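Analysis of the macromolecular model
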Amino acid sequence: MNRRNFLKAMAVGTIASGIAGKAFAAEKYFPVKADQGLFETINRVKDPSNKTPLEKSHAPVITAPATVKAGESFTVEVSVGQVVHPMGPAHWIEYIELNIGNEPAGRIDFEPKGYLNPKATFNVVLTKESAPAGKLTLVAHQRCNLHGYWEGTLDITVT
Ligand SMILES: [Fe+2]
């Protein structure tokens, strides 16, 4: 084998081992077959009037008053989908986050031990400055180890 062919063979071997290495990494971190596309984006409900089974079981649902008063405490509940999501060691909700508009407000982490229904309750107090136009969007995220990062939103009025 001359030097040129040797270098070609080395390059092909390096590329092949790189691809094989990535496949191995995917198997290592996703021992159960998972749709990798769900991990490449923020997943949202596409058609609220016709949710898919995956959207029904993963899109965060926010429950909060439609109108709140600045300076007064209120409760924001975030549940994961409309059905109870598994919380076992192979498939579970890792965390739930709440943002007030673009500002992170809080996050609750879960353990994959099957004890909890993945729901989070946040007590929130807004200032008048937090909603200069009198409107705010609550943004909730959750991450499922098999089904990726999901977002749900709810618009509220602040008086
Ligand atoms: Fe899931």
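Residues numbered from 1 in each chain as written. Predicted model: local features only at pLDDT ≥ 70, side-chain atom pairs only at ≥ 80, totals over all residues. Heavy atoms only, no water.

Some words on the overall build of the chain
Within the chain, the regular secondary structure consists of two helices and nine strands. When the helices and strands of the chain are placed in sequence order, the string is α-β-α-β-β-β-β-β-β-β-β. Across the 159 residues in the chain, those meeting the buried criterion constitute 33%. Here the chain displays about 10,100 Å² of accessible surface, and carbon together with sulfur accounts for 57% of that area. (Helix = DSSP H or I, 4+ residues; strand = E, 2+ residues; numbered from the N terminus. Buried < 20%, exposed > 50% of the residue type's maximum accessible area, 1.4 Å probe, protein only. Areas by Shrake-Rupley, 256 points an atom, 1.4 Å probe, with all protein chains shown as cover.)

Comments concerning the environment of Ser130
Looking at where Ser130 falls in the secondary structure, it is placed in the loop between strand S7 (119–125) and strand S8 (135–144). Residue Ser130 is classed as partly exposed on the basis of its relative accessible area, which comes to 29%. Expressed as a C-alpha distance, the spacing of Ser130 and Ile100, which sit 30 residues apart in the sequence, is 8.6 Å. For Ser130, the side chain forms a polar contact with the main-chain oxygen of Thr127, separated by 2.5 Å. (Polar contact = N/O pair within 3.5 Å; in protein donor to acceptor, adjacent residues only side chain to side chain.)

Describing the pattern of salt bridges
Counted under the stated rule, the structure contains five salt bridges. One salt bridge connects Glu151 with Arg44, and the closest N-O pair in it is separated by 2.8 Å. With a gap of 107 residues between them, Glu151 in strand S9 (residues 148–158) and Arg44 in the loop between strand S1 (42–43) and helix H2 (53–58) connect regions that are remote in the sequence. By relative accessible area, Glu151 is classed as buried at 14%. Arg44 sits in the partly exposed class, given a relative accessible area of 41%. (Salt bridge = Lys/Arg side-chain N within 4 Å of Asp/Glu carboxyl O.)

Here's the deal with the coordination of the iron ion
The protein atoms that coordinate the iron ion are His58 (NE2), His85 (NE2), His91 (NE2), Cys144 (SG) and His147 (ND1), at distances of 2.0 to 2.3 Å. Read in sequence order, the donor residues coordinating the iron ion give the pattern H-x26-H-x5-H-x52-C-x2-H. Here His147 lies in the loop between S8 and S9 and His91 lies in the loop between strand S4 (73–80) and strand S5 (93–100), a separation of 56 residues in the sequence. His147 shares its class with His91; the two are buried. (Donors = N, O, S within 2.8 Å, 3.2 Å for Na, K, Ca; no water.)

A few points about the packing of aromatic side chains
The final tally for this structure, using the stated rule, is zero aromatic pairs. Over the face of the ring belonging to Tyr95 we find Arg107, whose NZ or CZ atom lies 3.8 Å from the ring centre. (Phe/Tyr/Trp six-rings, centres within 6.5 Å; stacked < 30°, edge-to-face > 60°. Lys NZ or Arg CZ within 6 Å of the ring centre and 35° of its normal.)

Some remarks on the side chain of His141
Of note, His141 is situated in strand S8. By relative accessible area, which is 7% here, His141 ends up buried. Side chain to side chain, His141 and Glu151 meet in a polar contact 2.8 Å long. Filtering out sequence-adjacent residues up to four positions away, His141 remains in contact with Pro60, Tyr95, Ile96, Glu97, Asn99, Tyr149, Trp150 and Glu151. (Contact = heavy atoms within 4.5 Å.)

Focus: the sheet that holds S7
The sheet built from three strands is open, its strands ordered S2-S4-S7 with antiparallel pairing. Among the strands making up the open sheet, the edge pair consists of strand S2 (60–63) and S7. The sheet shows a mean angle of 25° between the axes of neighbouring strands, taken without regard to direction. Of the strand pairs in this sheet, S4 and S7 are connected by seven bridges, and their pairing is antiparallel. Its bridge partner lying in S7, Ser73 is registered against Val125. (Pairing = 2+ DSSP bridges. Axes fitted to C-alpha atoms, helices over the stretch in contact; angles between N-to-C directions.)

Remarks on the side chain of Glu94
Relative to the elements of secondary structure, Glu94 occurs in strand S5. There is a polar contact of 2.7 Å between the side chain of Glu94 and the side chain of Arg143. Residues within four places of Glu94 in sequence aside, it is in contact with Ile108, Asp109, Phe110, Arg143 and Asn145.

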